[in-house]
Amino acid sequence: MRLSLELAAAADLSDLADAVSSPGGPLSGRHLGHTELVARIAQPPAVHAAATSWFAGADLRAAASGLADLTWHAELDRAQLTCLLGQAGAQQLLARRHLVDDAARALVPPSLAASVAALELGPWRAPEPPRTLTDPGAPPPPVPATGLRPAELLRGYHFDRTSDGEDETIAVMALGGVPDAGDVHGFARAFGLPSPQIELVQLTPLAACAADPRFRFETTMGLQWLAAVAPRARLVVYFIDPTVAADPWSCFLKHVLSDMSRKPTVAVTSWSAPARQYYAVHGRRRFATLLDLAAVLGITVIAASGDWGAYDGFPSSGPARDACDALVPRDTFPGCEARVLSVGGTRVARRSPWRELAWSAPVSPALRAATGLPALAGSGGVSVHVPVPEYQRDVLPGEFSRGPDAAPVFATGRVQPDVALMAWGSDTTAYACLFDGEFRDDAGGTSLAAPIWAGIVARLNQRRRAHGLTRLGQLQPRLYAACARDPALLRDIVDGDTDLELPLLAADGTRRWQVLPGFRAAPGFDPATGLGVPDVARLTASLGSADER
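Our subject in this report is the structure included herewith. (Residues numbered from 1 in each chain as written. Predicted model: local features only at pLDDT ≥ 70, side-chain atom pairs only at ≥ 80, totals over all residues. Heavy atoms only, no water.)

Each helix and strand counted, the protein chain has 16 helices and 28 strands in total. Expected size for 549 residues packed as a compact globule is a radius of gyration near 24 Å; at 23 Å, the protein chain falls within 12% of this value. The dimensions of the protein chain, computed from C-alpha atoms along their principal axes, are 70 × 65 × 55 Å. The proportion of buried residues among the 549 residues of the protein chain is 59%. Once local pairs closer than 6 in sequence are excluded, the contacts in the protein chain between residues at least 24 apart make up 79%. Of the charged side chains in the protein chain, 50 are positive and 57 negative, and the gap between their average positions amounts to 2 Å. (Helix = DSSP H or I, 4+ residues; strand = E, 2+ residues; numbered from the N terminus. Rg over C-alpha atoms; globule rule 2.2 N^0.38 Å. Buried < 20%, exposed > 50% of the residue type's maximum accessible area, 1.4 Å probe, protein only. Contact = heavy atoms within 4.5 Å. Lys, Arg positive; Asp, Glu negative; His and termini not counted. Charge placed at Lys NZ, Arg CZ, Asp CG, Glu CD.)

All right, on to the pairing of strand β22 (residues 419–424) then. Of all six residues making up β22, six are buried, and the element is well covered by its neighbours. Bridge analysis of strand β14 (residues 340–351) against β22 gives five bridges, and the strand direction is parallel. Residue pairing for β22: G344 is matched across the bridge by A420. (Pairing = 2+ DSSP bridges.)

Turning our attention to unusual backbone geometry. When glycine is set aside, most residues are seen to have a negative phi, and most peptide bonds are trans. A cis amide bond links S352 with the next residue in sequence, P353, at an omega value of -5°. Going from Q416 to P417, the amide bond is cis rather than trans, its omega being 5°. The residue A68 is not glycine, and still its phi comes out positive at about 60°. Mapped onto the secondary structure, A68 falls in the loop between β2 (63–65) and β3 (71–75). Notably, H158 is not glycine yet its phi reads approximately 55°, a positive angle. Secondary-structure assignment places H158 in the loop between α7 (150–156) and β7 (169–174).

Okay, the pattern of salt bridges next. One pass over the structure, following the stated rule, counts 27 salt bridges. When the shortest N-O distance is used, the salt bridge between R286 and E6 registers 2.5 Å. A residue pair is termed long-range when its members are at least 10 positions apart, and R286 in helix α12 (residues 285–297) and E6 in strand β1 (residues 2–7) qualify at 280 residues. Both residues of the pair, R286 and E6, count as buried. With its nearest N and O atoms 2.9 Å apart, the salt bridge here joins R216 to D436. Separated by 220 residues along the polypeptide, R216 in helix α9 (residues 213–229) and D436 in the loop between β23 (431–435) and β24 (438–443) bring together distant segments of the chain. When salt bridges with common partners are traced through the structure, they connect E6, D247, K254 and R286 into a single cluster. (Salt bridge = Lys/Arg side-chain N within 4 Å of Asp/Glu carboxyl O.)

Once that is clear, we can look at helix α1 (residues 14–21). When α1 is considered as a whole, its buried residues turn out to be L16, A17, V20 and S21. Take α1 and look down its axis: the buried residues cluster within an arc of 125°, on one side only. Elements in contact with the buried residues of α1: α2 (34–41), α12 and α15 (476–485). (Arc of directions from axis to C-beta.)

This part covers the side chain of T269. Looking at the secondary structure, you find T269 in strand β10 (residues 266–269). Its relative accessible area of 4% is what places T269 among the buried residues. The residues touching T269, leaving out its near neighbours within four places in the chain, are M173, W249, I302, A303, A304, P334 and A450.

Counting across every chain of the model gives zero disulfides. C324 carries a free sulfur, and the closest cysteine sulfur to it, the one in C336, is 18 Å from it. Taking the relative accessible area as the measure of exposure, C324 reaches 0% and is therefore buried. (Disulfide = S-S within 2.5 Å.)

We now examine the side chain of T529. Mapping T529 onto the fold places it in the loop between β27 (511–516) and β28 (533–534). Apart from residues lying up to four places away in sequence, T529 is in contact with G345, T346, A358, P417, D418, V419, A420 and I493.

So, about the packing of aromatic side chains. Counted according to the given criterion, the structure contains 21 aromatic pairs. Ring centres 5.1 Å apart and planes at 80° place the aromatic pair F215 and W271 in the edge-to-face group. Remark: W271 occurs in the loop between β10 and β11 (273–274) and F215 occurs in helix α9; sequence separation between them is 56 residues. When the ring centre of W124 is taken as origin, the NZ or CZ atom of R2, which lies over that ring, is 3.9 Å away. The ring of F217 carries the charged tip of R440 above its face, separated from the ring centre by 4.0 Å. (Phe/Tyr/Trp six-rings, centres within 6.5 Å; stacked < 30°, edge-to-face > 60°. Lys NZ or Arg CZ within 6 Å of the ring centre and 35° of its normal.)

Moving on: the sheet that holds β1. Pairing in this open sheet of five strands is antiparallel, and the strands run β2-β3-β1-β5-β4 from one edge to the other. Across the chains shown, the open sheet's two edge strands, defined by having one partner strand only, are β2 and β4 (98–100). Averaged over all neighbouring strand pairs, the angle between strand axes comes to 20°, with direction disregarded. With three bridges joining them, β2 and β3 adopt antiparallel strand pairing. By the bridge assignment, A64 is partnered in β3 with W72. (Axes fitted to C-alpha atoms, helices over the stretch in contact; angles between N-to-C directions.)

To continue, consider α9. Compared with the 24 Å implied by 1.5 Å per residue over 17 residues, the 24 Å span of α9 between its first and last C-alpha is a close match. With 15 of 17 residues buried, α9 lies mostly within the body of the structure. Where α9 starts, the residue carrying a side-chain oxygen 2.8 Å from the main-chain nitrogen of R214 turns out to be D212. (Expected span 1.5 Å × (residues − 1). Polar contact = N/O pair within 3.5 Å; in protein donor to acceptor, adjacent residues only side chain to side chain.)

This is the structure in C-alpha cells:
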C-alpha cells in the first residue's frame, strides 16, 4: 500500500488569486512563477522535520514531492500502518481510504496536525513511465457521410486563421482509457490536420480502466477534437485510476501545478461527479485551494458541466447506484467551483445555416447500451455549496424557469455552465470519431464541448502572447466583463430546454422512469447554456489582443 500525507499550503492565496484574475485591477495578469509560488506556500523546515520524525517512528522512509514538497509518500504494509496510526486510526483509514481536515489531523502528532490537509491510502505499484503517442503511419478508413467534421465546427463557430495553439500546453485528465495511437493520428490524417503532439503520463498505476472501451472512447474523442482546434498545442494526458486515487480531480490538479517541465497553461477535465457526494467525502477546501494556486499561476481550469440535465448523476455507491435517489435539481462538481470555467452543451439542429438549441436529445443505440439512458441533456444549475461569485452578480436573474409544470430555481449560489458549445446534432448523431479503427458518428456531450473550449483558450493565449500580454488564467472575470461590453462575443441560445427522462429508485426498490424538468434557454444568462456559445473570431479580437484598463 501507499500512504500519502498532504500538507496544507502555508499561505492562503485566495485574495491574490482574485487580484490577478480581476480585469483592470492593479495586479491583473501579474501571475506568479513557480519559484515565487513555492516561496509563498512552502511549509517551514520544522514541519518537514516533524513529518520525517513521524514516519521514522514507524520505521518508514517517506519522500516529499510535488509543489513545494507538500506531499509525502511512504509504501507500507498493514502492520506498519497500525504502528503509525494506531489500530483505530489504521482501521478508519483502511475503511475510508481518504481523510481530510480535522479527521486527518486527529491521526497525526500535535506537532504536525496544524499543517495537515489530508491522508490517503491506496494500492500501489510504480506507474509506467511517460511516453509519446507516436504516429504508426497507418492510413485511416474512409470518412462517413454523417458526423460533424472539423471544418464544419471551425466554420460554425467562426474560428479565425491566426492561431493554432502553438507553444501552449494543455493538460487533460483521463480516468484510464488509454487511446490507440492509430485512432488519434488517423483522425488527424483523415481530415488533413497536423499530426498532434501528445504525451501520456500515468499518475497512478492503471488496472481495468486502462482498456475499458467506455473510458477509451471518452479519452479518444476528446484528444481528437482538442487537436483539431489547437493542432499545434502540446497535449499532455494525465492518467488516474479512480480505484487507486480517492480524489482524482485533486490528484490531477496537484500534478498540473507541480509539473515544472511541461508547465501546462490550460487544464481540462471531461469528468464530473455529484457535488453533494464529492464534498461529503472530500470537503471543499482542498480543491478550492488548488484552484486558487492555479489562478495565481495563470492556469485556466475547464470542466464539462455534465450530461444529466438539471440532475447531477447516479451516485457511485449505495442502493441507487444505477438510478436517481430523488429527481430534484442538483449541481455537479467540479464545474460548480467558481474558478472553473464550466462548459455546457447545445444541440445543433441545423448546420447550414448554423442553428443551435439547448441540448436534450436521444442518443445513438451504442451510447444507450453504454450508459443505460435513452437520451442525454446538458447539465447546469444553481450550487448549494458555492456562493455566487462576483463576476456573476450582474448577470443573474432572481430565478430560472423550468417550464410551466415545475417550480423555478432561485439564483442563490454559483450558477453553471458559464458557456456552452455543440454537444449533439440534429438526430442521434453528433461528432465524427475514429475509434478502434472505424469511424463512428456519435461522439459528443459536454465531454467534447469542454476540450474544444480548452483549445479555444489555448488559441487566445497564443494570440495574447504575440501582443505582449499575459495569458488569461482564470477566464470568467475577464469573459463576463467583456461580454457585458460586447454581447456578440458569445451567441446567446434562446430556444430549447434540458428536460431529461431518468430512472428513479422507487420505495419498493424498483426503477421507474420519470421526466425531470430541466432549465429553459432564454435571452440572457441561463443554466441551460450559460452566456452562450463562442464567436471565436470576435473573442480573439477582443480577448486576444488587448486588456481592459
